Amino acid sequence: MAAKDTSNKTGKTGLIFFPAFDWAISPTHPEREERLLYTRDQIFEEGLMDLPEIEEYKPRLATPKDISRVHFCVPNVEAQVTEAHLIAAGSVLTLADAKEEGAIRNGFALVRPPGHHSMMVVHGNRGFCNINNMAIMVEYFRTRYGHKKIAIVDTDVHHGDGTQDIFWHDPDVLFISFHQDGRTLYPGSGFPNEMGGPQALGRTLNIPLPPGTTDEGIHYVLDNFILPVLKDFKPDLVLNSAGQDNHYTDPLANMRFSANGYARLNEKLAPDLCVLEGGYAIETALPYVNTGIIQAMAGLDYSHVREPDYVPGKFVQSAEMKRDIEATIGQLQEIWDNRDRLVEDALAEHGQFYRRRKRIFYDTDMINEGQEETVRLCDRCHGYMTIASQAQKGYGILNSAFCVSLPRNACTSCREDAREEFEEHKEDSKFNYVYLQDKQKDTYHSYETRTRNQRDY
Amino acid sequence: MLIGIDVGGTTTDAVLVEGGRVFRSAYVPTDHDNLLGCLLSALDKLTEGVSPYKIERVVLSTTLITNMIAEGKTDPVALVLIPGPGANPKDYHLGQDVFILDGAIDYRGREIQKLNESQVKSTALELGNIGFKKIAVVGKFGQRNHVHELKAGEIVASVVPGVQVELGHRVSGQLNFPRRAATTRLTVATKDRYREFADQINAALKNRKISAPVFILKADGGTLPLDKSVNMPVETIFSGPAASIMGVMALMPTTQTSVVVDIGGTTTDLALILSGKPLLSSKGARVNSLLTHVRAFAVKSVAIGGDSAVSVNGDCIAVGPHREGPALCMGGPCPTPTDALRVLGMSDIGDAAAAEKAMADIAKRLCCTPKEVAQKVIDAVVDKIVSHVNEMFREWEQEPAYRVWEIVKKEKLLAQNVVGVGGAAQPLVPLVAQMLGAKAVIPEYAPVANAIGAAVARPTLTLNLRIDTERGEYIVAEEGLTGRADRKNMNLEQAEQMARKLMNERANKMGIGEYANEAEVTYSEIFNMVRGWSTVGRLLDVRMEIPAGIIPAWGRC
């Protein structure tokens, strides 16, 4: 067998285009059938799929197990996902396999529905997302192919709060999100002080940008912070949660990024795989941005991609905005430089367990969730974690769940304790469902306390 | 009586059929430098003693255009593109003589940049000075709005005297600008030569007092009246394999899934008939290195056949891919599968002693018997064919789809029949079928199945209708037809009715009106356009096709 070289520059770009032309959240919702229609027209008319640099793949369906590797779906996977979700998640796995087999150099899953607002526990849809395609790919890469360090750069205009939640305590996953300042946009989070759990401080990096940030501002952040940090972190893989709603015409946000800016970003970032997230300027941005990203990934000339109303120099960054962005980057640079000391200090401060309470709002499904999360700060492994979750819809309790997660490198003591937590809570009538996510053995268990029915994946 | 003549790579086969039977068949060796001559000599051989008044229909296939393209003998064409924003036209690898104009149309058919008429004029002058007599004008999204193509074409025609101009939207209404550009260029590059050929055929038939309608066979297994086909000469490429597949459709009508195996001297052509319908290549035919919009059956040519050279590589026997000449048993230079078949008693072609010697020479080197060698040779051939068949099914299963139901519901198909046509097929087909777990079928008249297919294939025709109710417009690109569509809430059923009416008109214009009722909707989509939170219009696309099929006069289907 020939030596596998996945870093070569001559391989193809894998592309999965799955526009889910027969799936919508509701008929007039931004996440509707029409979303990628004009993108289809543009990339098919360009004949991109025929080019020797590009290989089109057909998606497979993700399995409940693939999803359980990341999520606690309450009550179960089937209740939270449609076939469209399984295909979108299956698309990223298909590309992950192609990448690992050396069939492609890089790849782009141009698929919907998106995923980056989906957190570890899933009671419903929030921010148009049910399951997190990116996180499902990361856990698949690690379980199936043994990758350890992975970097995710979230280039959507919204804070990737779901992805952040999933990898919050994981020091081996670097999560960087730049987005429009949370004080001005959904989901209202993503500030520099959100920087990861005690063992993973500085491995979550949030870069809030002022509304109106231009190509210049975003490329400043990329050149002066993101690229150097990636160089320091030395990940096995760089993945891009490629939202397209920083575009100057996006109806749901207020930034001023261009198609050319997005293409150039992907050229510099050179991600191994890209996954589409949001982007709702379906006519004025998406056809051009997607064409540009595909070309940049395939090493093709993207300089001819231009929105009909765009002229170079259309947006100029003000001096104030420049100072603002530079100050944010200065603050983040300090976090990054001191990350190891931050972890040391936090571990010294917290003792054996770290607890936090969270409130999570599901805007699409109008669900309010309260969580208490507990992580053992173990010195032999990443420590097991439990989440006690209760979801309310209207004035009634929707569901309650107790979730136990074991890390891939779990030590014997954490294994035993986690198992015990799972068994103990099966008898706890406070919870409707009890889960054990055993990433070490790649087995997943869910238990319904009322029926005493257990399911294993 | 119906006449079918298929010009193949080595022989030209002709049949005269009536009432589901072959009344007479004939063949002549193909002379690639004189296609007309060999067509006519096959015709004369076939119709000797037959009254021309009894002939009801004549269908021809021709390799004229395929050969012109393969040999690079097409006429020089300037390709004038109006690409607008998107890819750098250089990345399309459309070859020499590409000229770029300003102007742009978007995916909705809206003008986003004006055509620069003075630039068109100066480009036209330049083309005239260089001496181009044929020009293809193709705009990105020209099929959604052809004003730029029309205007540019008009200016070029007025500036360059005697120039032939072909416009992209008339060639294909489908998405894919580089394929449309390549197809448009090939169309104008072959039109003159094809017209000349068509005129000669018409004259020759007239001389023979044959007044029956004459059709030409296309790559999608359909026919078109010869005089209409002069506008779309490229559609006649790859009609040989199409003829064989149509022959199988005529000889064994079924709704089952079959593999058609046509084993020749150097290559084996494979095609699939899925649940009774021949599989088309998904986006269009590849002609040498050029990707086109020509509808064609998905045919895979595998470099293995009865005359493939057998060689020994260490302990292994290799078959093909090259041919050094006929089989040893036929007086050729080297051992071949044909010799192996002879040794195993699976055929009685050629000299038995020569075949035995061919295998014995190899047997000595491998320390085994000639029969064992022959068996290995045949196994290698069968393995190769079977693995390519499996690959074809796999490729079909892996064809991308863009809707949830298409991905979830796509069934897995298995071959139920392996149908052999062509010379060397007979002894090998049962072996291929066995490995695929399918039934082996050698239809009656298998050696002339191709000519029968030509004789009884019915016309095919495509029409793409697009309606944009927000803009209040509809367009049928291939017809160059546009009009108002005022009903904002038009539904798919209404759009399909409209497409059917337009298809009737198009079929009548093409002289095949009697087949219009066979037209099916092969693709349709409807999208609500929502701006803000309200519906502002609908986009509807309907593709209607008269698919490949057999004329009723064949009397068997």
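### So, the domain arrangement of chain A
Residues and elements named next belong to chain A.
Right, on to step 1. By domain assignment, chain A separates into domain 1 (13-339) and domain 2 (352-456).
Right, on to step 2. Each of domain 1 and domain 2 has a C-alpha centre, and the two are 28 Å apart.
Right, on to step 3. The interface is formed by 24 residues belonging to domain 1 together with 29 residues belonging to domain 2.
Right, on to step 4. Counting residues per element, the ones that place at least two in the side of domain 1 that touches domain 2 are helix 2 (64-68) and helix 5 (133-145).

### Digging into the interface of chain A and chain B
Right, on to step 1. At the interface, 38 residues of chain A touch 34 residues of chain B.
Right, on to step 2. Sorting the residues of the side of chain A that touches chain B by element identifies strand 1 (13-18), helix 1 (37-45), helix 4 (83-100) and helix 9 (286-297) of chain A as the ones contributing at least two each.
Right, on to step 3. If one sorts the elements of the side of chain A that touches chain B by residue count, helix 1 of chain A sits on top with six residues.
Right, on to step 4. When the residues that make up the side of chain A that touches chain B are grouped by side-chain class, the tally is 19 nonpolar, six polar and 13 charged.

### Description of the environment of Gly107 of chain A
All names here are of chain A.
Right, on to step 1. Note that Gly107 resides in strand 4 (residues 106-111).
Right, on to step 2. C-alpha of Gly107 to C-alpha of Ser241: the two residues are 134 residues apart in sequence and 12 Å apart in space.
Right, on to step 3. Setting aside anything within four residues of it in sequence, one finds Gly107 in contact with Thr13, Gly14, Leu15, Leu95, Ala98, Lys99 and Leu273.

### As for the confidence of the model for chain B
Right, on to step 1. In the predicted model, chain B carries a mean pLDDT of 94, and the fraction of residues at 70 or more is 99%.
Right, on to step 2. At the level of chain-chain contacts, confidence expressed as ipTM amounts to 0.94, with global pTM at 0.95.

### Focus: the domain arrangement of chain B
All names here are of chain B.
Right, on to step 1. When cut into domains, chain B gives domain 1 (62-213 + 226-237), domain 2 (247-444) and domain 3 (461-554).
Right, on to step 2. On a C-alpha basis, the centroid separation for the pair domain 1 and domain 2 is 37 Å.
Right, on to step 3. Of the residues lining the interface, 14 residues belong to domain 1; the matching set on domain 2 comes to 10 residues.
Right, on to step 4. Listing elements by their share of the side of domain 1 that touches domain 2, those giving two or more residues are helix 2 (64-70) and helix 6 (177-207).
Right, on to step 5. Looking at the side of domain 1 that touches domain 2, the element that brings in the most residues is helix 6, giving five residues.
Right, on to step 6. Here the side of domain 1 that touches domain 2 is built from residues that sort into seven nonpolar, four polar and three charged.

### Details of the pairing of strand 14 (residues 396-406) of chain A
Residue and element names in this part refer to chain A.
Right, on to step 1. Of all 11 residues in strand 14, eight are buried, a share of seventy percent or more.
Right, on to step 2. One ladder, built from nine bridges, connects strand 13 (residues 385-393) with strand 14; its direction is antiparallel. Across the sheet, Lys393 pairs through a bridge with Gly396, a residue of strand 14.
Right, on to step 3. Counting the residues that bridge the hairpin from strand 13 to strand 14 gives two residues, and of these Gly394 lies at a positive phi of roughly 60°.

### Things to note about the sheet that holds strand 24 (residues 473-476) of chain B
Each strand in a sheet pairs with its neighbour through backbone hydrogen bonds, running either in the same direction (parallel) or in the opposite one (antiparallel).
Residues and elements named next belong to chain B.
Right, on to step 1. Read from one edge of the open sheet, five strands run 25-24-23-27-26, paired in antiparallel fashion. The strands lining the two open edges of the sheet, one partner per strand, are strand 25 (481-484) and strand 26 (520-531). Sheet twist, expressed as the average angle between the axes of neighbouring strands with direction ignored, equals 10°.
Right, on to step 2. With eight bridges joining them, strand 23 (residues 461-468) and strand 27 (residues 534-546) adopt antiparallel strand pairing. Considered in strand 27, the bridge of Leu463 is made with Met544.

About the cut-offs
Residues numbered from 1 in each chain as written. Chains lettered and ligands numbered in written order. Predicted model: local features only at pLDDT ≥ 70, side-chain atom pairs only at ≥ 80, totals over all residues. Domains from an automatic or database assignment. Contact = placed C-beta atoms within 7 Å. Helix = DSSP H or I, 4+ residues; strand = E, 2+ residues; numbered from the N terminus. Nonpolar A, V, L, I, M, F, W, Y, C, P; charged D, E, K, R; others polar. pLDDT = per-residue confidence, 0-100. Buried ≥ 20, exposed ≤ 12 C-beta atoms within 10 Å, placed from the backbone. Pairing = 2+ DSSP bridges. Axes fitted to C-alpha atoms, helices over the stretch in contact; angles between N-to-C directions.

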